[in-house]
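Secondary and tertiary structure notes
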Amino acid sequence: MALSTPHLLGLNGVPKEDIQLILDTATTFREVLDRPIKKVPTLQGKTIVNLFYESSTRTRISFELAQKRLSADIVNFSKGTSSVSKGESFKDTVKNIEAMKVDMIVVRHSSAGVPHYLTRISNANIINAGDGLHEHPTQALLDMYSIREKLNSLEGLRICIIGDIAHSRVALSNIYGLKTMGATVNVCGPATMIPKELERLGVKIYNNVDKAIAEHDVINVLRIQLEREAGISIPSLREYHNYFGITAERIERNNKDILILHPGPINRGVELSSEVADGPYQVILNQVTNGVAIRMAVLYLLGTAN
Ligand code: CP
């Protein structure tokens with residue numbers, strides 16, 4: 001079995017069979033992560049560059065661990081310590097890295113479309129690790145995997161993405177992927193944080209978080225992205241927490257069967273209370289563990305295809 005594409009740029013338009021194959025392959029790799037020796041020789045001889053132009057904890061470490069678990073040779077690029085600080089262009093940087101014979105590039109960049117651009121200037125397999133406000137496909141895949149792990153199937157589930165939808169690449173990838181897999185996806189948040197165009201994707205908009213919790217099986221709670229000027233969309237973080245913050249009291253009043261996801265990093269006391277962030281309804285650290293298995297699956301499927 002092989003994916004229908006040599007790159008993973010986003011989940012928009014990715015067929016159900018591809019998503020199913022990635023999730024099923026990740027199940028095999030998830031088992032590898034529980035072994036005493038967490039390593040397989042699958043990508044021996046492949047060279048992968050992690051091209052991170054934007055900060056990251058989870059995605060970067062997760063990709064690096066996934067590559068090491070698959071026995072690939074890896075190189076990490078950081079904008080701050082590279083010749084970008086001497087004025088070298090993005091294209092020249094990539095061309096020089098590629099001249100050193102790399103097979104795959106994992107890229108995170110603050111500009112939407114950079115992974116697509118890379119496919120035009122490079123012969124490597126390209127994996128999008130988050131591009132601007134566009135997509136973050138491996139995050140959505142690990143979210144789907146974590147939901148499926150707990151609730152067995154995605155088909156027919158009702159999932160609400162809550163929070164700063166306007167500044168979120170995670171939201172868009174989740175909407176595309178989950179809808180392809182047969183789930184109903186809605187969003188909830190302040191009107192200033194929800195682009196109206198989302199309704200064109202068949203997504204219903206909730207402004208009342210209690211109703212959103214009551215009417216869904218899963219909530220995926222997003223971070224208020226203060227570094228992307230989300231702060232100007234709300235009067236204050238305290239007011240946001242009062243109206244949209246997920247608290248134990250809200251969960252217990254509205255839906256004790258809910259499953260709670262958060263992609264991280266968390267603003268504790270803003271989108272989630274600490275009680276919820278560490279409590280029994282959430283699977284936040286399972287998401288992080290599953291992220292390594294998902295990235296192993298994506299790297300393996302793209303790296304071993306002809
Ligand atoms: N979820 C996520 O993308 O986290 P990082 O920004 O730490 O990679």
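Here the structure is a predicted model, which means the values were calculated and not measured.

1. What to know about the site of the ligand
Taken together, Ser56, Thr57, Arg58, Thr59, Arg108, His136, Gln139, Pro263 and Gly264 make up all the residues around the ligand. Between the ligand and Ser56, the relevant distance is 2.6 Å, taken from an oxygen atom to a side-chain nitrogen or oxygen of the residue. Relative to its free-state accessible area of 260 Å², the ligand is covered by the protein chains to the extent of 90%. Among the domains, domain 1 (16-134 + 291-303) and domain 2 (137-287) are the pair contributing at least three residues each to the shell around the ligand.

2. What about the environment of Lys256?
Examined against the element boundaries, Lys256 turns out to sit in the loop between helix H9 (248-254) and strand S9 (259-261). Exposure remark for Lys256: the relative accessible area of 56% places this residue in the exposed category. The spacing of Lys256 and Ile213 is 43 residues in sequence and 9.4 Å in space, taken between C-alpha atoms. With residues near it in sequence (within four places) discarded, Lys256 still touches Ile251 and Tyr281.

3. Topic: the environment of His136
Tracing the chain through its elements places His136 in the loop between strand S4 (125-131) and helix H5 (137-151). The class of His136 is buried, set by a relative accessible area of 3%. On a C-alpha basis, the gap between His136 and Leu172 in space is 8.0 Å, while along the polypeptide they are 36 residues apart. Residues contacting His136, with those up to four places away along its chain left out, are Thr59, Arg108, Ala129, Gly130, Arg169, Val170, Ser173 and Arg295.

Rules of the game
- Residues numbered from 1 in each chain as written.
- Predicted model: local features only at pLDDT ≥ 70, side-chain atom pairs only at ≥ 80, totals over all residues.
- Heavy atoms only, no water.
- Near = heavy atom within 4 Å.
- Polar contact = N/O pair within 3.5 Å; in protein donor to acceptor, adjacent residues only side chain to side chain.
- Areas by Shrake-Rupley, 256 points an atom, 1.4 Å probe, with all protein chains shown as cover.
- Domains from an automatic or database assignment.
- Helix = DSSP H or I, 4+ residues; strand = E, 2+ residues; numbered from the N terminus.
- Buried < 20%, exposed > 50% of the residue type's maximum accessible area, 1.4 Å probe, protein only.
- Contact = heavy atoms within 4.5 Å.

Function-wise, these values are silent; they only describe arrangement.
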